[in-house]
Amino acid sequence: MTARGVPAAPAKGLRMRRRVPRSAFGEWKPESARDPLGLLAEQEKSRIAELLPLRHERMAASPFAFYRGAAVVMAADLATLPVTGLRVQVCGDAHIANFGGFGTPERDIIFDVNDFDETLPGWWEWDVLRMAASVVLAARTLGFSTPTAKRAVREGVRTYRRGMLRFATLSPVNVWYERIELRELMRQATPAQRRDLRRHLKQSEASTARRLLPKLTAGEQPRFVDESQTFRRIGLEGDVAVNARTVLKKYRESLLPHVRTLIDRFTLRDMAQKVVGVGSVGTLCLVALFMTEKNDPLILQLKEADASVLESHLGRSPFKNHGERVVHGQHLMQAASDIFLGWTTSEGKDFYVRQLRDMKISIDLTSMLPDQLVRYARFCGWTLARAHARSGDPCAIAAYLGESDRFETSVGRFARTYADVTEGDYNLFVKKAHVPEGKDDALTS
């Protein structure tokens, strides 16, 4: 308690509100010296050169797709804002396409944040601002009106604020147990979306690995087959096999003891290289096929983990291995995580490991109607608030946010300004990168 009887956490939030008014976010303007293409070019120096044209092609699909691949640009822009001083474990890339459904260890399907490549301890408002700007860009890509975009942003940020006010009243244990389950998504969906969700649910009742096996492999003793330029078999011949087993031995050591017992029932049979995402294109992603003696499959994904784009502005991660940084952040933010989540290293590269598409449900943003985007933004806002409340101080953040709508009004102005700036960056990118604009998979590729 403080001297005047006000609890310390709310007092801190109110003090930060005086230092950084909620209206400050709506006043952001881009600095004249900002160099978005220079930041992207610097980031790409460590990427696989032959994959960069594909990265550029995917980012050129729309301003929203460009935004997805340009987290490093927004990190630099956010660093020009005043900060509230209230830290949480941030996602670092909390745009609305990085939320979705996936399976818990209990085999339920929940809705949560699902990308943690950029996670780091940082300022909670940075995630909210990235989410808000993504809502505007998604609305514009879908051809929705300006009032719809404004309403979707307002509702998403308002739900974040109200969620944080609620989490401030709960015990930390109860906050930890909060989650959104599939049936809640069902209630908000259109008939077509319900059919799609039921199809995903039916498929998830079977092993995800068993469903993927005929799509990715061939032969009586299954081995990966080249599917396209974005999926290539590596195999397990010679030095590859030796290195793979060393990498996976290190991965095994990162798992909890009871999961080690489980994974020891499987034997590595094959490996392939896979291209994933938009912003991640150019980083190394491997897929490993494991089988039991009875040919029960397990497919793991090993994804390269670089330094977070936030480290230049928030300081280095306390974890030497960036795969461990990702895993730690994921456990902190998600209501439940893959039991096979772990990390490893190989030839100077860090990796985090998880099951490939375990009961994963990607929300199809392209089929949304205006009211559904608004409802989806609410889901994202509530989920982000819960994720932040797990690692941060919900009482202090709630006190900063307050009971009025000033915060969402300010963030709405920021989101529209930042969407305008992103569209300008996108046009410059398309011109300089000599790639055609596109519409296909602009929201979901």
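These remarks concern the structure in this document. (Residues numbered from 1 in each chain as written. Predicted model: local features only at pLDDT ≥ 70, side-chain atom pairs only at ≥ 80, totals over all residues. Heavy atoms only, no water.)

### Some details on the state of the cysteines
Counted according to the given criterion, the structure contains 0 disulfides. Among the cysteines around Cys 91, which has no disulfide bond, Cys 380 carries the closest sulfur, lying 11 Å off. Given the relative accessible area of 0%, Cys 91 is considered buried. Using a relative accessible area of 0% as the deciding quantity, one classes Cys 380 as buried. (Disulfide = S-S within 2.5 Å. Buried < 20%, exposed > 50% of the residue type's maximum accessible area, 1.4 Å probe, protein only.)

### Remarks on the sheet that holds strand β3 (residues 109-113)
Spatially, β2-β3-β5 is the arrangement adopted by the 3 strands of the open sheet, whose pairing is antiparallel. Each edge of the open sheet carries a strand with a single partner, namely β2 (99-103) and β5 (180-181). Relative to the sheet, helix α16 (residues 370-391) contacts β2, β3 and β5, its axis offset from that of β3 by approximately 75°. (Pairing = 2+ DSSP bridges. Helix = DSSP H or I, 4+ residues; strand = E, 2+ residues; numbered from the N terminus. Contact = heavy atoms within 4.5 Å. Axes fitted to C-alpha atoms, helices over the stretch in contact; angles between N-to-C directions.)

### Some words on the environment of Cys 380
Secondary-structure assignment places Cys 380 in helix α16. Taking the C-alpha atoms as reference points, Cys 380 and Arg 87, 293 residues apart in sequence, are found 20 Å from one another. Other than its neighbours up to four places away in sequence, Cys 380 contacts Ile 96, Phe 99, Phe 111 and Met 131.

### Topic: a positive patch on the surface
Taken together, the side chains of Lys 12, Arg 15, Arg 18 and Arg 19 define a basic patch exposed on the protein surface. Secondary-structure assignment places Arg 19 in helix α1 (residues 8-19). Residue Arg 19 is classed as exposed on the basis of its relative accessible area, which comes to 58%. (Patch = residues over 30% accessible without salt bridge, like charges linked within 9 Å, V, L, I, M, F, W, Y side chains within 5 Å. Areas by Shrake-Rupley, 256 points an atom, 1.4 Å probe, with all protein chains shown as cover. Salt bridge = Lys/Arg side-chain N within 4 Å of Asp/Glu carboxyl O. Lys, Arg positive; Asp, Glu negative; His and termini not counted. Charge placed at Lys NZ, Arg CZ, Asp CG, Glu CD.)

### A closer look at the sheet that holds strand β11 (residues 297-304)
The strands that make up a sheet are held in pairs by hydrogen bonds between backbone atoms, and each pair lies either parallel or antiparallel. Taking strand neighbours across the sheet as the criterion, the 6 strands line up as β8-β9-β10-β11-β13-β12 in an open arrangement whose pairing is antiparallel. Every other strand in the sheet has two partners, leaving β8 (231-233) and β12 (342-346) as the edge strands with one partner each. Taking the axes of each pair of neighbouring strands and ignoring which way they run, one obtains an average angle of 30° across the sheet. Looking at chain direction, β8 and strand β9 (residues 267-274) are connected through 3 bridges and run antiparallel. Residue pairing for β9: Phe 231 is matched across the bridge by Lys 274. In the packing of helix α12 (residues 239-253) onto the sheet, contacts are made with β9, β10 (285-291), β11, β12 and β13 (349-355), and the angle to β12 comes to roughly 145°.

### Some details on empty space enclosed by the protein
Here the structure, examined in full by the defined rule, presents 3 cavities of 30 Å³ or more. What the largest cavity holds in volume is close to 50 Å³. Lining the largest cavity, in full, are Leu 78, Val 90, Gly 92, Trp 126, Asp 127, Arg 130 and Leu 310. Looking at which element gives the most residues to the lining of the largest cavity, the answer is helix α6 (residues 124-141), with 3 residues. By residue class, the composition of the lining of the largest cavity is 4 nonpolar, 1 polar and 2 charged. (1 Å grid on protein atoms, 1.4 Å probe; cavity = no way out; pocket = protein on both sides within 12 Å on 5 of 7 lines; lining within 4 Å. Points joined across faces, edges and corners; volume = space filled by probe spheres on them. Nonpolar A, V, L, I, M, F, W, Y, C, P; charged D, E, K, R; others polar.)

### Regarding the side chain of Arg 58
Position of Arg 58 among the secondary structure elements: in helix α3 (residues 52-59). Although Arg 58 is buried, it forms no salt bridge, and the closest oppositely charged side chain is Glu 57 at an N-O distance of 6.9 Å. Engagement of the side chain of Arg 58 in a polar contact is seen with the backbone oxygen of Gly 277, the distance being 2.6 Å. Apart from the residues lying within four places of it in its own chain, the contact partners of Arg 58 are Ala 65, Thr 230, Val 275, Val 276, Gly 277, Val 278 and Val 281. (Polar contact = N/O pair within 3.5 Å; in protein donor to acceptor, adjacent residues only side chain to side chain.)

### Some remarks on the environment of Pro 53
Considering the arrangement of structural elements, one finds Pro 53 in helix α3. Look at Pro 53 and you get exposed, because its relative accessible area is 53%. Sequence separation between Pro 53 and Ala 433 is 380 residues, and the spatial gap between their C-alpha atoms is 8.8 Å.

### Some points on the nonpolar core
Counting 100 residues, the largest nonpolar core has Leu 40, Ile 96, Phe 111, Trp 124, Tyr 160 and Tyr 376 as its most contacted members. Residue contributions to this core peak at 12 residues, all from α6. Residue contacts for Phe 111: discarding those within four places in its chain leaves Phe 99, Gly 100, Gly 101, Ile 180, Leu 185, Ile 363, Tyr 376, Phe 379, Cys 380, Thr 383 and Arg 386. Formed by 22 residues, the second largest nonpolar core is a distinct cluster that contains Ala 241, Ala 288, Leu 298 and Leu 302. (Core = buried A, V, L, I, M, F, W, Y, C linked by side-chain atoms within 4.5 Å.)

### Considering the pattern of salt bridges
Applying the stated criterion to the full structure yields 23 salt bridges. Between Asp 77 and Arg 34 there is a salt bridge, with its nearest N and O atoms 2.8 Å apart. Here the residue Asp 77 occupies a position in helix α5 (residues 71-78), and Arg 34 occupies one in the loop between α1 and α2 (36-43), the gap between them amounting to 43 residues. Asp 77 sits in the buried class, given a relative accessible area of 5%. A salt bridge links Arg 55 to Glu 44; its shortest N-O distance comes to 2.8 Å. Within this pair, whereas Arg 55 is found in helix α3, its partner Glu 44 is found in the loop between α2 and α3, the two being separated by 11 residues in sequence. Looking at Glu 44, the relative accessible area reads 13%, which means it is buried.

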